[in-house]
Amino acid sequence: MYFNIKNNVYHVGNVDWEIEHYQGFKYSTHKGSSYNAYLIQEEKNVLIDTVSESFCDVFIKNLKNKIDLQKIDYIVINHGEKDHTGALVELMSYIPDTPIYCTKNCVKSLKGQFHQEWNFVVVKSGDTLDLGNNKTLTFVEMPMLHWPDSMACYLSGDNILFSNDAFGQHYATSALFNDEVDQCELFIECLKYYANILTPYNKLVTRKIEEILSMNLEIDMICTSHGVIWRDNPTQIVELYLKWAANYKENQITILYDTMWDATRVMAEAIAKGLMQEDKEVKVKLLHLSKKDKNDVMSEVFKSKAILVGSPTVNKGVLTSLASTFELIKSLGFKEKKAAAFGSYGWSGESVKVLNEKLKESGFELVNEGLRVEWTPDLQELESCESFGREFAKSTKLKDI
Ligand code: FEO
């Protein structure tokens, strides 16, 4: 199946309704995904990106239905990751001399992954490719958004930005365009994508978007490589990216915890009660880390102005769910968020100290030294937990969100 998007531009990618995890098990895809590839047919014919290897056969078959492969003049690869290049080896077996336009880093990644000496044409920001009929592709390098090789390209005449991963979502849908899908689902997936993939590059996101905006391009559509095409108010997602890149936070406090015999869980609930007693406006969420999806947890951390983390002490450390969550939190480099730790213990009681260290090395501002309870909290200790929550709510109140 292929779909006309505008004039002589076609969607020739595939929807993956079944995928549950991406990049191994790094990213959960509860709503599936899609691999969006595009074909432009002007005086010159250009294919932009391919699809995952799992869809290679169906992709090539579909492409052959649309165009004689020998008539593809150029291939543009905006990004070398295999979800966009998995069909390249098979495709190039039919058209081995077709030039592949990509960045210098993309040549490295394609050679590194596929070990092929294809006809690479290295492009830089501002380079153009004339397609005839007054249509031109202009390339814009997007290093680290989200790989060193990433690039976008802009089709003048049709005013389409092919942004690759940027502005995308892992969201399988029968509809092509943003105005045709459930808006709630769409924006949850957009935020999850940004929080889990782009947060470490906030500054680069801001700089790159400002650079693109300064080019004063007329943008009628943003064609991403995953999920919907932005056609209705296409720059709304660009504005959202600018907002998210500015160390985004909502009036939310999230409590991340794990528990063995419920003592730390009871503490978490009493602390939550204290937060709500002190601040009627703040949104409070409790996440039992062993029962929640790690990427959904990161979306909640992304939205939070502050987090509380709790673990019982286990062999002088913390439960493994906390340890692995911190590995992810640290790698995402969240900024301007406050935090504190809590936990129960029966013997030596190091968990709060360990969590404090993890919070500090992950860039969080510690509000206090944390709260420990020996064994299971009694009524008085539960009141201490509530009081701890009230104090935390006071010290994390935001005047303006
Ligand atoms: Fe969709 Fe970075 O690959």
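Residues numbered from 1 in each chain as written. Predicted model: local features only at pLDDT ≥ 70, side-chain atom pairs only at ≥ 80, totals over all residues. Heavy atoms only, no water.

With that out of the way, let us pick up the layout of surface pockets. Counted as a void, the largest pocket has a volume near 390 Å³. Around the largest pocket, the lining comprises 17 residues; the ones closest to its centre are Met260, Thr313, Tyr345, Gly346 and Trp375. Breaking the lining of the largest pocket down by element, the ones donating at least two residues are helix H8 (263–278) and strand E20 (338–345). Taken as a whole, the second largest pocket encloses approximately 240 Å³ of empty space. If you go around the second largest pocket, you meet 15 residues; those closest to its centre are Phe3, His11, Asn14, Val15 and Thr173. Along the lines of polarity and charge, the residues of the lining of the second largest pocket split into six nonpolar, nine polar and no charged. (1 Å grid on protein atoms, 1.4 Å probe; cavity = no way out; pocket = protein on both sides within 12 Å on 5 of 7 lines; lining within 4 Å. Points joined across faces, edges and corners; volume = space filled by probe spheres on them. Helix = DSSP H or I, 4+ residues; strand = E, 2+ residues; numbered from the N terminus. Nonpolar A, V, L, I, M, F, W, Y, C, P; charged D, E, K, R; others polar.)

This part is about the sheet that holds strand E13 (residues 135–141). Here we have five strands laid out as an open sheet, ordered E12-E13-E14-E15-E16, and mixed in their pairing. The sheet is open, and its two edges are formed by strand E12 (128–132) and strand E16 (221–224), each paired on a single side. Geometrically, the sheet is characterised by an average inter-axis angle of 20° between neighbouring strands, direction not taken into account. Inspection of the sheet shows E12 paired to E13 by four bridges, in the antiparallel sense. Note on E13: the bridge partner recorded for Asp130 is Thr136. (Pairing = 2+ DSSP bridges. Axes fitted to C-alpha atoms, helices over the stretch in contact; angles between N-to-C directions.)

Tallied over the entire structure, the rule returns 20 salt bridges. Between Lys192 and Asp296 there is a salt bridge; the shortest N-O distance is 3.5 Å. You can see Lys192 sitting in helix H5 (residues 183–198) and its partner Asp296 sitting in helix H9 (residues 294–303), a full 104 residues away along the chain. For Asp296, a relative accessible area of 29% gives the class partly exposed. The salt bridge partner of Lys273 is Glu386, with a shortest N-O separation of 3.4 Å. Here Lys273 is found in helix H8, whereas its partner Glu386 is found in helix H12 (residues 379–395), with 113 residues between them in sequence. With a relative accessible area of 45%, Lys273 lands in the partly exposed category. Connected via shared salt-bridge partners are Glu42, Lys135 and Asp158. (Salt bridge = Lys/Arg side-chain N within 4 Å of Asp/Glu carboxyl O. Buried < 20%, exposed > 50% of the residue type's maximum accessible area, 1.4 Å probe, protein only.)

Counting across every chain of the model gives zero disulfides. This cysteine, Cys153, is not joined by any disulfide, and Cys223 carries the nearest cysteine sulfur, 9.7 Å off. Overall, Cys223 belongs to the buried group, its relative accessible area being 1%. (Disulfide = S-S within 2.5 Å.)

Counting across every chain of the model gives 15 aromatic pairs. With 6.4 Å between their ring centres and 80° between their planes, Trp244 and Phe302 make a pair best called edge-to-face. Taken as a pair, Trp244 in helix H7 (residues 236–245) and Phe302 in helix H9 lie far apart in primary sequence, 58 residues in all. Here the aromatic residues Phe167, Tyr194, Tyr241, Trp244, Tyr248 and Phe302 are joined through ring pairs into a cluster of three or more. (Phe/Tyr/Trp six-rings, centres within 6.5 Å; stacked < 30°, edge-to-face > 60°.)

Let us look at the environment of Gln252. Take Gln252: it is sitting in strand E17 (residues 252–257). Sequence separation between Gln252 and Met151 is 101 residues; the distance between their C-alpha atoms is 35 Å. With near-sequence residues (within four places) excluded, Gln252 lies in contact with Val282, Lys283, Lys285, Glu300, Lys303, Ser304, Lys305 and Ala306. Here the side chain of Gln252 touches Thr254 through a polar contact of 3.0 Å, side chain to side chain. Within the local environment of Gln252, its side chain forms a polar contact with the side chain of Glu300, the two groups lying 2.8 Å apart. (Contact = heavy atoms within 4.5 Å. Polar contact = N/O pair within 3.5 Å; in protein donor to acceptor, adjacent residues only side chain to side chain.)

Reading across from one edge, E1-E2-E7-E8-E9-E10-E11 is the order of the seven strands in this open sheet, with mixed pairing throughout. One side of each edge strand has no neighbouring strand; the edge strands of this open sheet are strand E1 (3–6) and strand E11 (120–122). Going across the sheet, the axis of each strand differs from the next one's by a mean of 25°, ignoring polarity. Where strand E9 (residues 74–76) and strand E10 (residues 100–102) come together, two bridges link them in parallel fashion. Opposite Ile75, over in E10, you have Ile100 as the bridge partner.

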